[in-house]
Amino acid sequence: MEYQSDMGTVIRSIAINNASAESGVATLIAETADRCLQNAGVDIGAVGMLINTGVYTENHLLEPASATLIHRRLLDKNKQAKRKSGSLGNLLSFDLHNGGGGIVNALQVVDGFISSGEIEYGLIVSGDVKPKIGKVENYKYSSSAAAVLVSKEKSKPGFIKFKTETFPEFKENITSTTRWKDGGLHLVNKKSNDYLKNAVDCAAKTIQNFFDEELLGWKDVDLICTSQNPLGFVTELQKKLKIKNKIVCFQGDIEIYSSGLLYSMNHIIEKEEFKNCVYVLFLTVGAGITVSLAYYNNKL
Amino acid sequence: MNYGCNIESIGIKLPDRKLSTSEIESRLNIANPLKLELLTGISNRRVCCENEDSLTLAVDAALDCLSHSELKAEELEMIISCSISKYVNGLSHCYEPALSLLIKQEIGNSKALNFDVSNACAGMITGVHIANNFIKQGRIKNCLVVSGEYISGLIGNAIKTVDSLFHPEMASLTVGDAGAAVILTQTKRGEAGLSVSEISTLGRFSHLCTGVQSNNCKGGIMKTNMKKIHDLSIKNAPYVVENALRSAGLRMSEIDYLIPHQTAKISIQSGARVLYRYFNEEPGEIVYNLCETGNTASTTHFATLYKYLCEKRFKAGDTVMLLSFASGLTFGAIVFSMNGISERYGNSN
């Protein structure tokens, strides 16, 4: 499914954080989100939607939504946050999960509510911290968090198209489940040896389908910005696509999971690659296999 | 908004196995009976058997929904799974892939945009809120919002510890398993359908009800500060309803059916009294659907709608308000008018 957004939802601010996460994932994300809001000079009271896309919840929390814990911490940090008199407030917080690709779907949801005028600002956050409860098998991700603030902009088109495709024939390639065994809770992560290859193939196919449907080509993409995971994805994608277009992701000695795309967004903004581009294709690939694209027009 | 949005069909799945409140009470290690059935209005709840879990409940509800729909599975453009519990293959919680992907595959759809939303008992209401926005803008023509809740594991764990009505795990004794699904479709702008969808979160109170997977016992633990949540719900209910009525351009007396989140009879009655005092008038009916299913978390509103549809209670043109109170704390209201759906479930009244 893809569509064209009528008005521009643009990136206002991004923050990332791979500090120690002793106080838990919700606190780490909230600190990051607070910095993101401060960078933009926006009060939490002005945000209409807060979506958390982190895959792993704090100590296997099932309810409430982790976003509401983050919401609470943001309010604690901003005691002056304004609430309209006689109303409940205007912020809806919830979690959106789609493996490592939830960020793009969350951007799509927020773009919808911004376009319809129901909200002015959307705050999308993410983060993963190894759960402290129970045993954990094959969890290799670094503690990390990221946040992006988006809002409407009349002078820039911003996010103009989204597309997500799934390849359930590879749903067993990467899985993460809890199991009850030996009298305790185990988090079991599994990744097949084929995952990287299949992720690259699925991404290439989805991009081609997107181009075919939208009558676009590589000439219409100045930069591809992808999530870091799976490691080696960018190199293999470049080989597969055989293109000269620049493909960029966050490069570091840590493995970032659900915040990967926001780390890469932050990277291209810091390196000033973002402002020199007009058309950026944001890409995530994750469990499912699910490939999500967001096509961004950065033109003034 | 360029289009309207309509509830096109609803489906549910209830496990066959029943667990009575009297059986639960008999297993509590306390001297004086709690009179749970009297307080909650819950006589029975359904609980999963072997081979049933959150995924199977959601898939069966989605298939039931499709059986009442004019759409085929392959025509669905968006699928949002809203379960709190994401148990697959028994009590194995699935972090990834997304439950919505597994549901999509099981029902035979390949192209829909799918993702999972988690917002406690407001999950399906949040899913409908998102679908309504996408449909009314013309981004999609239809959406399946679905949830499967396998939460009866909470009961066994609570039985071991509950010693009074005020115990933090008391609310766990009221839950039951269920799956529910709703298909929303696009209509012409101005046509009868879903007119209001409003949800907000009072994040300051997110700590008042928490459910976790536990390392000490299989099936999870839920702890609730029932009194504080009840007080906040009672305090805020008039605002939620008033805002929704204002947006819909309706009076309270013009709501034919008000369906609150189904927690306990005593709580719903208390809320009804507060609303009456505030508005000085009543809706046609405040709906209880607790007796045979208990609190089925995110599925309660649509399980209740389904029951009333099957009992031929609705007629075309009836106005319904779904009122949501959930951990978070999340408050929301959805207002819609009954149209073709009441006939398709056999109502000729």
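Residues numbered from 1 in each chain as written. Chains lettered and ligands numbered in written order. Predicted model: local features only at pLDDT ≥ 70, side-chain atom pairs only at ≥ 80, totals over all residues.

For chain B, the name recorded in an unreviewed UniProt entry is 3-oxoacyl-ACP synthase, with Draconibacterium aestuarii as its organism.

Description of the environment of G184(A)
Examined against the element boundaries, G184(A) turns out to sit in strand 11 (residues 184–191). When near neighbours in sequence (up to four residues on either side) are disregarded, G184(A) contacts G134(A), K135(A) and N215(B). (Helix = DSSP H or I, 4+ residues; strand = E, 2+ residues; numbered from the N terminus. Contact = placed C-beta atoms within 7 Å.)

Overview of the packing of helix 7 (residues 226–248) of chain B against helix 8 (residues 265–279) of chain B
Residue and element names in this part refer to chain B. Two numbers describe how helix 7 lies on helix 8: the axes approach to 10 Å, and their chain directions differ by 45°. Viewed along their axes, helix 7 and helix 8 adopt a mutual orientation that is oblique. Handedness of the helix 7/helix 8 crossing: right-handed. Where helix 7 approaches helix 8, its residues H230, S233, I234, A237, P238 and V241 are matched on the opposing element by S267, S270, G271, V274, L275 and Y278. A breakdown of the residues in the contact of helix 7 with helix 8 according to their chemical character gives seven nonpolar, five polar and no charged. (Axes fitted to C-alpha atoms, helices over the stretch in contact; angles between N-to-C directions. Parallel < 35°, antiparallel > 145°, perpendicular 65-115°, else oblique. Left-handed = near helix turned anticlockwise from the far one by under 90°. Nonpolar A, V, L, I, M, F, W, Y, C, P; charged D, E, K, R; others polar.)

Things to note about the interface of chain A and chain B
Taken residue by residue, the interface counts 55 residues in chain A and 55 residues in chain B. Those elements giving two or more residues to the side of chain A that touches chain B turn out to be strand 4 (61–63), helix 2 (66–77), strand 5 (92–97), helix 3 (102–115), strand 9 (158–166), strand 10 (174–181) and strand 11 of chain A. For the side of chain A that touches chain B, the leading source of residues is strand 10 of chain A, giving seven residues. Per-class residue counts for the side of chain A that touches chain B are 23 nonpolar, 26 polar and six charged. Where strand 10 of chain A meets strand 6 (residues 92–96) of chain B, two bridges bridge the pair, whose relative direction is antiparallel. Bridge assignment links T177(A) to a residue of strand 6 of chain B, and that residue is C94(B). (Pairing = 2+ DSSP bridges.)

Section: unusual backbone geometry
Residue and element names in this part refer to chain A. Put simply, E63 and P64 share a cis peptide bond, and its omega is 0°. Of the consecutive residues N229 and P230, the connecting peptide bond is found in the cis state with omega at 0°. Positioned with a positive phi, N59 is a non-glycine residue whose angle comes to about 50°. Along the polypeptide, N59 turns up in the loop between strand 3 (47–52) and strand 4.

Quick notes on the UniProt feature "domain: Beta-ketoacyl-[acyl-carrier-protein] synthase III C-terminal" (unreviewed entry) in chain B
Residues annotated by UniProt as "domain: Beta-ketoacyl-[acyl-carrier-protein] synthase III C-terminal" (unreviewed entry) correspond here to residues 245–337 of chain B. End-to-end, the C-alpha atoms of residues 245–337 of chain B are 13 Å apart, and along that stretch the chain is 32% helix and 24% strand. (UniProt positions renumbered as here; feature names shortened; annotations may be inferred.)

Some remarks on the pairing of strand 14 (residues 279–286) of chain A
Residue and element names in this part refer to chain A. Across the eight residues of strand 14, seven count as buried, placing the element largely inside the fold. Sheet analysis places strand 12 (residues 223–226) next to strand 14, joined by four bridges and oriented parallel. Its bridge partner lying in strand 14, I224 is registered against L281. In this structure, strand 14 lies alongside strand 15 (residues 290–297), joined through eight bridges in antiparallel fashion. Paired with Y279 across the bridge in strand 15 is N297. The turn linking strand 14 back onto strand 15 is made up of three residues, and G288 within it adopts a positive phi angle of 145°. (Buried ≥ 20, exposed ≤ 12 C-beta atoms within 10 Å, placed from the backbone.)

Section: the UniProt feature "transmembrane region" (unreviewed entry) in chain B
Per the UniProt record, "transmembrane region" (unreviewed entry) is found at residues 320–341 of chain B. Secondary structure content for residues 320–341 of chain B is 9% helix and 68% strand, and the end C-alpha separation is 13 Å.

Quick look at the sheet that holds strand 10 of chain A
Here we have five strands laid out as an open sheet, ordered 7(A)-11(A)-10(A)-6(B)-5(B), and mixed in their pairing. Only two strands of the sheet have a single partner each, and these edge strands are strand 7 (135–137) of chain A together with strand 5 (87–88) of chain B. Here strand 10 of chain A runs beside strand 11 of chain A; their pairing, made up of eight bridges, is antiparallel. For R179(A), the partnering residue across the bridge sits in strand 11 of chain A and is H186(A).

Regarding the domain arrangement of chain B
Residue and element names in this part refer to chain B. Domain annotation for chain B reports domain 1 (3–188) and domain 2 (194–344). Taking the mean C-alpha position of each, domain 1 and domain 2 sit 15 Å from one another. Counting residues at the interface gives 53 residues for domain 1 and 49 residues for domain 2. Where the side of domain 1 that touches domain 2 is concerned, the elements lending two or more residues are strand 1 (3–13), helix 2 (36–40), strand 3 (44–46), helix 5 (123–136), strand 8 (142–149), helix 6 (153–159) and strand 9 (178–188). Looking at the side of domain 1 that touches domain 2, its residues break down into 25 nonpolar, 22 polar and six charged. (Domains from an automatic or database assignment.)

Side note on the environment of N339(B)
For N339(B), the location among the structural elements is in the loop between strand 16 (330–337) and helix 10 (340–344). Each C-alpha atom of the pair N339(B) and K315(B) lies 7.7 Å from the other, and the pair is 24 residues apart in sequence.

Some details on the domain arrangement of chain A
Note on interface size: it is often stated as the accessible area lost on association of the parts. All names here are of chain A. Each assigned domain of chain A is listed with its residue range as follows: domain 1 (2–154) and domain 2 (161–297). Computed from C-alpha atoms alone, the centre-to-centre distance between domain 1 and domain 2 is 20 Å. Residue-level contacts link 39 residues of domain 1 with 39 residues of domain 2. Counting only elements with at least two residues in the side of domain 1 that touches domain 2, the list comes to strand 1 (2–4), strand 2 (8–17), helix 3, strand 6 (121–128), strand 7 and strand 8 (144–153). It is helix 3 that provides the largest number of residues to the side of domain 1 that touches domain 2, a total of six residues. By residue class, the composition of the side of domain 1 that touches domain 2 is 16 nonpolar, 18 polar and five charged.

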